[in-house]
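Breakdown of the fold
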Amino acid sequence: MHRKLFAGSTGAGVSAESGIPTFRGKDGYWRNLDPAKLATPEAFARDPELVWEWYRERRQRIRNAQPNAAHAAITRLAQIADEFLLVTQNVDDLHKRAGLPKEKMVQIHGDSFVTRCSRCDFSRKDYTPSVAAATYGAAGEQEQEQEQRDVVPRCPECDALMRAGVVWFGEHLPWNELQRIENYLDRGTCDLVIVAGTTATFGYIIDWALRARAPNGELVEVNPEDTSLSEFATRLVREPATIALPRIVDRITG
Ligand code: OAD
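Residue numbers run consecutively from 1 along every chain, following the written order of its sequence. Side-chain atom pairs in this predicted model are given and counted only at pLDDT of 80 or more, local residue features only at pLDDT of at least 70, and totals for whole chains, interfaces and linings cover all residues. Hydrogen atoms and water are omitted, and side-chain values are computed over all heavy atoms in the structure.

1. Structural notes on the sheet that holds strand β2 (residues 83-88)
Worth spelling out the cut-off: Two strands are said to pair when DSSP picks up at least two bridges between them. Helix numbering and strand numbering both begin at the N terminus, where a helix is a DSSP run of H or I of at least 4 residues and a strand a DSSP run of E of at least 2. For every element, the axis is a line fit to its C-alpha atoms; helices are fit only across the contacting stretch, and the angle between N-to-C directions ranges from 0 to 180 degrees. What makes two residues a contact is simply this: any of their non-hydrogen atoms within 4.5 Å.
The strand order across the open sheet built from six strands is β3-β2-β1-β7-β8-β9, with neighbouring strands paired in parallel fashion. Single-partner strands in this sheet number two, and they are β3 (105-107) and β9 (235-237). Each strand of the sheet is rotated relative to its neighbour by a mean of 15°, with strand direction disregarded. Both strand β7 (residues 190-196) and strand β8 (residues 213-222) contribute to a ladder of six bridges, which runs parallel. Note that in β8 the partner of Ala196 across the bridge is Val222. Against the sheet, helix α5 (residues 69-80) engages β1 (5-10), β2 and β7, with an angle of about 150° to β2. The strands touched by helix α10 (residues 241-253) are β1, β7, β8 and β9; relative to β8, the strand with the most contacts, the crossing angle is about 145°.

Here's what the structure looks like:
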């Protein structure tokens, strides 16, 4: 029997319809500042308060957002596949809240709800909205208030400044997560690779998609606009992710 081996890759465009601005889109700017210039070690060294303010606003926006039909479609794709791995550049938790198990997903640019020390190994996972009330109750609310009071949190272990647990421009990708992608690719190629909602600015996104596709497999790009990946895709779907992805998955499930 034929086994269904799928892979996915998502970027900011998949969360755009949940109200989370993309990086390079017209509403990506925050107070006239380019996110690509805020998400850097240099920006944090120069003005950690400003960078934290930006992350706090993004966290709040994510807390208020809901997963959309594109996130749900990816979860369904994972359920019907014999093997599946999603590599997402998104640091929000919307794939997780749409029910995608963490072992089927690599957040290659980190997780914006992680706060980690800029000097030592200390890190903590700050609560996420969906589980806050149920899991943390009043403690969750207190933590949120605390978060708002601490303009720049300090490490409880070494007192250095804490930062968001995301990958900034010029930083290395997390080694363990890279290994998970390599292991998946080593196990064999996929019948279907879907890349949705990313400009594919980083070469590794294109490399992984090309390596994942079997010689006669499909590489589908879902994006209203042309990207650096488009020339390699076997099918271009120039539609918003919430329209295209549910339809693609419906077709697969018949
Ligand atoms: P970008 O902001 O670069 O690109 C968003 C992409 O989504 C664009 O290609 C849009 O055309 C597309 N798009 C917009 N709305 C869409 C919709 N409704 N459905 C489908 N596609 C849509 O975001 P990313 O490619 O994810 O990295 O950016 C990658 C990385 O750049 C981020 O993870 C971040 C940033 O710098 C780091 O911080 C290291």
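2. Thoughts on the site of the ligand
Basically, it comes down to this: For each residue, the test is whether any non-hydrogen atom lies within 4 Å of the molecule or strand; if one does, the residue is near. In short, Shrake-Rupley with a 1.4 Å probe defines the accessible areas, and a residue's cover is counted only from the protein chains shown. Note on residue classes: Ala, Val, Leu, Ile, Met, Phe, Trp, Tyr, Cys and Pro are nonpolar, Asp, Glu, Lys and Arg are charged, and everything else, Gly too, is polar.
Contacts to the ligand come from 21 residues, most closely from Arg24, His109, Phe169, Thr198 and Thr199. About the coverage of the ligand: the protein hides 91% of its 790 Å² of free accessible area. Top element by residues in the shell around the ligand is helix α1 (residues 12-16). It accounts for three residues. Split into classes, the residues belonging to the shell around the ligand amount to nine nonpolar, nine polar and three charged.

3. Thoughts on the state of the cysteines
Covalent bonding between the sulfur atoms of two cysteines is what defines a disulfide. Where we set the bar: Note that a disulfide, as used here, is simply two cysteine sulfur atoms within 2.5 Å. Each residue is placed in one exposure class: buried if its accessible area under a 1.4 Å probe, protein chains only, is under 20% of its type's maximum, exposed if it is over 50%, and partly exposed if it falls in between.
This structure, assessed with the given rule, holds zero disulfides. With no disulfide of its own, Cys120 has Cys155 as its nearest cysteine by sulfur position, at a separation of 3.7 Å. A residue is classified by how much of its surface remains accessible, and Cys120, at 27% relative accessible area, is partly exposed.

4. Side note on the confidence of the model for the chain
The line we're drawing: pLDDT: the predictor's confidence for each residue, scored from 0 to 100.
Averaged over every residue, the pLDDT of the chain is 90; residues scoring 70 or more account for 90%. Contacts from residues 132-137, a stretch scored under 50 in pLDDT, to residues over four places away or in other chains number four contacts.

5. Considerations on the nonpolar core
Quick reminder of the rule: The set of buried Ala, Val, Leu, Ile, Met, Phe, Trp, Tyr and Cys residues whose side-chain atoms join them within 4.5 Å is what this entry labels a nonpolar core.
Ranked by size, the top nonpolar core spans 23 residues in total, and within it Leu77, Phe84, Leu100, Ile194, Val220, Val222 and Leu245 carry the most contacts. Those elements that provide at least two residues to this core are α5, β2, β7, β8 and α10. Core analysis: the next-biggest nonpolar cluster, separate from the first, contains 20 residues, Ala7, Val106, Cys190 and Ala209 among them.

6. Looking at the pattern of salt bridges
Selection criterion: Any carboxyl oxygen of Asp or Glu within 4 Å of a side-chain nitrogen of Lys or Arg constitutes a salt bridge here.
This model, assessed by the stated rule, comprises 13 salt bridges. One salt bridge connects Lys125 with Asp111, and the closest N-O pair in it is separated by 2.6 Å. Here Lys125, found in strand β5 (residues 123-125), pairs with Asp111, found in strand β4 (residues 110-117); they are 14 residues apart in sequence, far enough to count as distant. When its relative accessible area of 39% is taken as the criterion, Lys125 is described as partly exposed. Across the pair Glu221 and Arg238 runs a salt bridge whose closest N-O atoms are separated by 3.2 Å.

7. A closer look at unusual backbone geometry
Of note in this structure, Asp159 is not a glycine but carries a positive phi near 70°. Position of Asp159 relative to the elements: it lies in the loop between α7 (129-149) and β6 (162-166). Residue Asp159 is classed as partly exposed on the basis of its relative accessible area, which comes to 47%. Its identity is not glycine, yet Ala200 carries a phi of approximately 50°, on the positive side. With respect to the helices and strands, the residue Ala200 is situated in the loop between β7 and α9 (203-212). Given a relative accessible area of 1%, Ala200 falls into the buried group.

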